[in-house]
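Structure assessment
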Amino acid sequence: MDSKAWGGRFSAATDRAVETFTASIAIDHRLWRHDIRASIAHARMLTSVGLLSESEGESIATGLEQIAEQFAQGKMTFRDDLEDVHMHIEAALIEALGDVGRKLHTARSRNDQVATSLRLWTRDAIDGILERLTALQSAFLSSAKSAGDTILPGYTHLQRAQPVLAAHYFLAHIERFERDRERLMDARKRVNISPLGSAALAGTSLPIDREQVRQDLGFAALSRNSLDAVSDRDFVVETIFALNLIAIHLSSWAEEWILWSSQEFNFIDLPDALCTGSSIMPHKKNPDVLELIRGRTGRVNGSLQTMLMLLKGLPLAYNRDLQEDKPALFDAVDCISGCLDLAALVAEGAKLKTSHIKSQLSYGFLDATTLMEGLILAEVPMRTAHGIVGTLVRAAESLGITLSELPVATLAEAHPALPEIAASRLGVDQALASFQSLGSTAPSRVAAEILRWQDMIQQRQARTNFK
Ligand code: ARG
């Protein structure tokens, strides 16, 4: 009476409302490639251990490849009564092969099947994002290289603080995205584990060879406990968490450049092709791409909350709640992939407005801290030096001049060593040239960092392997 794979136990057909409510095909069809790949590996293994004959194994593999072709061409029709992608593929196989198709699900449950497909999908998604991160880093590196000796005002509390090389600024973003790469690569280790063979929850009494499937699918290890393997979605949480830090890094960068592209900052020019206009104000050129990058962060965070809430109430082992993992994961991956692609375009296309930036560098006492450090080198205690320079800043501010414009007599009065120190340290150029600590904006340090990154990124891009 019911054509369902599990229909045998039921005396009544499923309510249509239940079918609609429980179906996931509209979302999980995206797993088809990975599900078919895992099924082919499973069928090969069933053949090796004698649960399928050679010819049955071959028919199943060929049948699955034809189904893959149907998916690729968009010819697969989705039916809510077939629930999910796994059932669609199995039903199509049975329709093509009859009884032979009915053997594919031997020694397997949808519980270990979906865990396997989702791990394969996530592994590919991580690899795609790693590649995109490198592309974005590479865009920032080009900007660092072409920035030359351009100086930017560095900020704390969004108040002018100390001068930094523009290259140093671009490299800061590269560092952030590097840690994001590391986090993803670390999460990938726990994604890259084969749960197939855990069956529904307890394993199977059939003589399967899990190791063969592991090798076939390129997993690094086998899961060690079937109850855990079918219910674990930590790997999804960790992946989405890593994506969230990418989102945060993208968002704070986007916010910065939205500010920088405003008339008030006037630091950066965004290419017309990457901006949008206003339907009423003829003069507008808006940084919508950056705003949407900032805006989508929220969605990725939503996915993380969804996953954490999803898991917290689940007893072992598989529960249908777990089906809700896919919208959260897919959306987070889509958001971040899209944002990274657009971020690379913006990073490549944006131009620093160097002459305007330069014309404003003398404002904001960017050289005050370096002057203070000069006094410290002349053996004035730090707190005393801080007080002396603070007083000078107050004096200059009330006169509406820079520190370097203060009369020599005022400097000498504040401290006898100051005129000489001021002569070698004041002005943003001299202040910048005075830096020396490792990791600082000192020009020689920054030049070395550019070379280090250039090497790393080149080697990475030359490898077909993302790691
Ligand atoms: N669509 C389901 C999911 O995504 C597949 C597993 C269903 N298993 C079950 N016993 N109903 O989790």
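Residues numbered from 1 in each chain as written. Predicted model: local features only at pLDDT ≥ 70, side-chain atom pairs only at ≥ 80, totals over all residues. Heavy atoms only, no water.

1. Considerations on the site of the ligand
- Taken together, Ser24, Asp28, Asp84, Arg110, Asn111, Val114, Tyr318, Arg320, Gln323 and Lys326 form the complete shell of residues around the ligand.
- Separating a nitrogen atom of the ligand from a side-chain N or O atom of Asp84 is a distance of 2.9 Å.
- Asn111 places a side-chain nitrogen or oxygen 3.0 Å from a nitrogen atom of the ligand.
- Expressed as a share of its isolated accessible area of 340 Å², the protein-covered part of the ligand is 86%.
- Here the shell around the ligand gets 3 residues from one element, more than from any other, and that element is helix 6 (residues 110-146).
- A class-by-class count of the residues in the shell around the ligand yields 2 nonpolar, 3 polar and 5 charged. (Near = heavy atom within 4 Å. Polar contact = N/O pair within 3.5 Å; in protein donor to acceptor, adjacent residues only side chain to side chain. Areas by Shrake-Rupley, 256 points an atom, 1.4 Å probe, with all protein chains shown as cover. Helix = DSSP H or I, 4+ residues; strand = E, 2+ residues; numbered from the N terminus. Nonpolar A, V, L, I, M, F, W, Y, C, P; charged D, E, K, R; others polar.)

2. Section: the pairing of strand 2 (residues 159-165)
- Bridge count between strand 1 (residues 151-156) and strand 2: 6 bridges; the pairing is antiparallel. From the neighbouring strand, Thr156 faces strand 2, where its bridge partner is Gln159.
- In textbook terms, the turn of a hairpin is the stretch between consecutive antiparallel strands, and for strand 1 and strand 2 this stretch comprises 2 residues, one of which, His157, has a positive phi near 55°. (Pairing = 2+ DSSP bridges.)

3. Quick word on a nonpolar patch on the surface
- A cluster of nonpolar side chains, Leu201, Leu227 and Leu316, forms an exposed patch at the surface whose accessible area comes to about 280 Å².
- Locating Leu201 in the fold gives a position in the loop between strand 3 (193-194) and helix 8 (210-217).
- According to the relative accessible area criterion, Leu201 is partly exposed, its value standing at 41%. (Patch = residues over 30% accessible without salt bridge, like charges linked within 9 Å, V, L, I, M, F, W, Y side chains within 5 Å. Salt bridge = Lys/Arg side-chain N within 4 Å of Asp/Glu carboxyl O. Buried < 20%, exposed > 50% of the residue type's maximum accessible area, 1.4 Å probe, protein only.)

4. Overview of the nonpolar core
- With 105 residues, the main nonpolar core has Ile246, Leu250, Trp253 and Trp257 as its most contacted residues.
- Here this core takes 14 residues from helix 10 (residues 234-260), the largest share from any one element.
- Setting aside chain neighbours within four positions, we find Trp253 in contact with Phe140, Tyr169, His173, Leu290, Ile293, Ala343, Val346 and Ala347.
- Counting 19 residues, the second-largest nonpolar core is a separate cluster that includes Ile388, Val389, Val393 and Ala396. (Core = buried A, V, L, I, M, F, W, Y, C linked by side-chain atoms within 4.5 Å. Contact = heavy atoms within 4.5 Å.)

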